[in-house]
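Now for the letters of each chain:
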Amino acid sequence: MTQHENNTLPPKTCSVERLVTMEADVKKVLAGEKTATRRNGRYADPGEIMTLEGRQFVVENVYSQSLGELTDADARREGFETVEDYKQSILAYHPGMPWLPQMRVWVHEFRPVED
């Protein structure tokens, strides 16, 4: 599935409240350094609102991507400089997890809600 095939998303596997929970990631979102997050399940629908420390962010796009498709631009949206930096961070969070290029994840892109 590509980001242009969102009209037939499968059911969510978790809730938008669980989309960004780690303190370091919350800080990156609040600072504008993180505008996307990848999860092994679908946590939000486009248009849903995520609230972090009283600030609201709207999920703009949700799509599936393989780890092998990640680019440095994707890593920057995650708050990292390179794919390798992002990979090392994920593997540190999930010891023993393999990094398989064919493994698919759900990308959730978001932006601040304007007042």
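Remember, predicted model here, so these are calculated numbers, not experimental data.

Caption draft 1: Representation of the side chain of Glu109. Within the secondary structure, Glu109 is located in strand 4 (residues 104–112). Although buried, Glu109 forms no salt bridge, and the nearest oppositely charged side chain, Arg77, lies 4.4 Å from it. Each residue touching Glu109, except ones within four places of it in the same chain, is listed here: Thr35, Ala36, Val58, Val59, Glu60, Asn61, Tyr63 and Arg77.

Caption draft 2: Just the sheet that holds strand 1 (residues 36–39), in detail. Spatially, 4 strands are ordered 1-4-3-2 in an open sheet, and the strand pairing comes out antiparallel. In this open sheet, the two edge strands, each paired with only one partner strand, are strand 1 and strand 2 (49–52). Between one strand axis and the next, the sheet turns by 35° as a mean value, whatever way the strands run. Alignment of strand 1 against strand 4, held across 4 bridges, turns out to be antiparallel. What sits directly across from Arg39, in strand 4, is Trp106.

Here is what the cut-offs are and how they apply
Residues numbered from 1 in each chain as written. Predicted model: local features only at pLDDT ≥ 70, side-chain atom pairs only at ≥ 80, totals over all residues. Heavy atoms only, no water. Helix = DSSP H or I, 4+ residues; strand = E, 2+ residues; numbered from the N terminus. Buried < 20%, exposed > 50% of the residue type's maximum accessible area, 1.4 Å probe, protein only. Lys, Arg positive; Asp, Glu negative; His and termini not counted. Salt bridge = Lys/Arg side-chain N within 4 Å of Asp/Glu carboxyl O. Contact = heavy atoms within 4.5 Å. Pairing = 2+ DSSP bridges. Axes fitted to C-alpha atoms, helices over the stretch in contact; angles between N-to-C directions.

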